[in-house]
Amino acid sequence: SVAHDLSEVKGQAAARRALEVVAAGGHNLLFVGPPGAGKTMLARRLPGILPQLSHEEAVEVTAIHSLALPSGVERVVHERPFRAPHHTVSEVGLVGGGDFPRPGEVSLAHHGVLFLDELAEFRRAALEALRQPLEDGHVTVSRAQAKATFPARPIVVGATNPCPCGHLGDGTDRCRCSPERVRSYRARLSGPLLDRLDVHVVLPPGCGDDLRRGGGGEASHVVRERVERARSVQIARFRAGETLSPTNASLSIACLERVGAPDDAGARLLSAAISKLNLSARAYDRILKVSRTIADLEGCDNIGPSH
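Asks: How should the layout of surface pockets be read in this particular structure?
Replies: Leftover empty space is mapped by rolling, across the atoms, a probe with the size of a water molecule. Considering only enclosed or pocket space, the largest pocket measures out at about 990 Å³ in volume. Taken together, 43 residues line the largest pocket, and the ones lying closest to its centre are Arg 153, Ser 245, Pro 246, Thr 247 and Ser 250. Counting residues per element, the lining of the largest pocket draws most heavily on helix H11 (residues 220–239), at five residues.

What follows is the structure, given as structure tokens:
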């Protein structure tokens, strides 16, 4: 809708580019920035640049939502879901459960967007329960009365402040958080969870010049066209048997080695980054997946240093 058009986002060119990459490959995203930097505004515009649901995807989404509502769903869902649970949500509410297993928010956002605002304020147990669905694409809930498996492959977008007060690094002297408080605040997000959020974007505070200039960015429908072209490349590889997934974010290691291997210069750069930044094996795979998506957006077969 017009109210959620990407062109209304003022400044934040790097963040808009990150949204495009995330939408094109189905990757997960983390925004870090002070209050008012635009984290929530950007996240709410992500559905507007995602491709339309296919018939098969619409049937899956409708089936999941029918299980969550006592009266079911009256008609087929044709829009990608956008779920934004409050940070007080329980583990059962987030991943599913109950005496008779019902889908949680991560499944209700299947083929859509799960937005976790104030990520560091969520209960640790609830966030850690997300790790398995983000890796496997489904949730299995076992209870005494029943056992159920729900699909869970949304794009997860997290948003968090850099410190408890939110003003660390914003160019002012408003932050009074001690180093111990900052470390404790950031420790609420475990390394394994952060490893599953493919793209991390640090948002600077909005400045007066950006606000006065207005958005100046592209409309959502223009960005969506590029996203759909990149998705069509991935779907073509899937239908040709080159991969086992229609999106880069879900590629297996074997498929990634087949279609996501960088060229010699790219491999040297990635090797240097791994040594310098102490990246994990999971981070290495996710870098290649995001690189494959950037190359698809640019229409490139090979993955080079720029990607």
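Asks: Before we go on, may I ask you to explain the pairing of strand S7 (residues 147–151) in this structure?
Replies: On a regular strand, one side chain projects to one face of the sheet and the next to the other, so that they alternate. Here S7 shows one buried face, formed by Ala 148 and Phe 150, and one open face, formed by Lys 147, Thr 149 and Pro 151. As judged from the five bridges shared by strand S6 (residues 138–142) and S7, these two strands associate in the antiparallel manner. Along S7, the bridge assignment pairs Thr 140 with Thr 149. Hairpin connection of S6 to S7: four residues between the antiparallel strands.

Asks: Mind showing me how you'd approach the state of the cysteines here?
Replies: Inspection of the entire model under this criterion finds zero disulfides. Of all cysteine sulfurs in the structure, the one in Cys 165 sits closest to Cys 175, which takes part in no disulfide; the separation is 3.8 Å. With a relative accessible area of 18%, Cys 175 lands in the buried category.

Asks: What am I meant to see in the packing of H11 against helix H14 (residues 281–297) here?
Replies: Between H11 and H14, the shortest axis-to-axis distance is 8 Å and the interhelical angle comes to 115°. For the element pair H11 / H14, the angle class is roughly perpendicular. By crossing handedness, the relation of H11 to H14 is classed as right-handed. For the pair H11 and H14, the contacting residues are Arg 226, Val 227, Ala 230, Val 233, Gln 234 and Arg 237 in the first and Arg 292, Asp 296 and Leu 297 in the second.

Asks: Is there a simple way to explain the sheet that holds strand S5 (residues 113–116) in this structure?
Replies: Where strands meet in a sheet, backbone hydrogen bonds hold them as pairs that are either parallel or antiparallel. One open sheet accounts for five strands, arranged S2-S5-S8-S1-S9; its pairing is parallel. Two strands in the sheet have a free side with no partner beyond their single neighbour: strand S2 (82–83) and strand S9 (199–202). Here strand S1 (residues 29–32) pairs with strand S8 (residues 155–160) via four bridges, running parallel. Each bridged residue has a counterpart across the sheet, and for Phe 31 the counterpart in S8 is Ala 159. Packed on one face of the sheet, helix H1 (residues 13–25) meets S1, S8 and S9 and runs near 165° to S1.

Asks: How should the packing of aromatic side chains be read in this particular structure?
Replies: Where two aromatic rings form a pair, the distance of their centres and the angle of their planes describe that pair. One pass over the structure, following the stated rule, counts one aromatic pair. The interplanar angle of 35° and the centroid separation of 6.2 Å between the aromatic rings of Phe 82 and Phe 115 together place this pair among those described as tilted. Here the residue Phe 82 occupies a position in strand S2, and Phe 115 occupies one in strand S5, the gap between them amounting to 33 residues. You can call Phe 82 partly exposed: its relative accessible area is 23%. You can call Phe 115 buried: its relative accessible area is 2%.

Asks: Which parts of the structure should I look at to understand helix H3 (residues 55–68)?
Replies: For an α-helix, 3.6 residues make a turn, and residues three or four places apart therefore share a direction. Its 14 residues give H3 an end-to-end C-alpha distance of 20 Å, which sits within 8% of 20 Å, the value for a rise of 1.5 Å per residue. For H3, the complete set of buried residues consists of Glu 57, Ala 58, Val 61, Thr 62, Ile 64 and His 65. Taken end-on, H3 shows its buried residues confined to a sector of 165°, consistent with a single buried face. Those residues of H3 that are exposed and angled more than 90 degrees off the buried face are His 55 and Glu 56. Residues of H3 that are buried in the fold lie against S2, strand S4 (102–103), helix H5 (105–108) and S7.

Asks: Can you help me understand H14 in this one?
Replies: With 17 residues, H14 extends 25 Å from end C-alpha to end C-alpha; this agrees with the ideal 24 Å at 1.5 Å per step. The buried fraction of H14 amounts to 13 of the 17 residues, a majority that puts the element mostly inside the structure. Positive phi appears at Gly 299, one or two residues downstream of H14, with a value of about 75°.

Asks: Just to check I follow, could you spell out the pattern of salt bridges for this structure?
Replies: Should their charged atoms come close, side chains of opposite charge can pair. All chains considered together, the criterion is met by 17 salt bridges. For Arg 17, the salt bridge goes to Glu 20, with nearest N and O atoms at 3.6 Å. One end of the pair, Arg 17, and the other, Glu 20, are both in helix H1, three residues apart, so they sit about a helical turn from each other. Accessibility expressed as a relative area gives 33% for Arg 17, which makes it partly exposed. Since its relative accessible area comes to 6%, Glu 20 is described here as buried. A salt bridge links Arg 237 to Asp 296, with the nearest nitrogen and oxygen atoms 2.7 Å apart. Separated by 59 residues along the polypeptide, Arg 237 in helix H11 and Asp 296 in helix H14 bring together distant segments of the chain.

What counts and what doesn't
- Residues numbered from 1 in each chain as written.
- Predicted model: local features only at pLDDT ≥ 70, side-chain atom pairs only at ≥ 80, totals over all residues.
- Heavy atoms only, no water.
- 1 Å grid on protein atoms, 1.4 Å probe; cavity = no way out; pocket = protein on both sides within 12 Å on 5 of 7 lines; lining within 4 Å.
- Points joined across faces, edges and corners; volume = space filled by probe spheres on them.
- Helix = DSSP H or I, 4+ residues; strand = E, 2+ residues; numbered from the N terminus.
- Buried < 20%, exposed > 50% of the residue type's maximum accessible area, 1.4 Å probe, protein only.
- Pairing = 2+ DSSP bridges.
- Disulfide = S-S within 2.5 Å.
- Axes fitted to C-alpha atoms, helices over the stretch in contact; angles between N-to-C directions.
- Parallel < 35°, antiparallel > 145°, perpendicular 65-115°, else oblique.
- Left-handed = near helix turned anticlockwise from the far one by under 90°.
- Contact = heavy atoms within 4.5 Å.
- Phe/Tyr/Trp six-rings, centres within 6.5 Å; stacked < 30°, edge-to-face > 60°.
- Expected span 1.5 Å × (residues − 1).
- Arc of directions from axis to C-beta.
- Salt bridge = Lys/Arg side-chain N within 4 Å of Asp/Glu carboxyl O.

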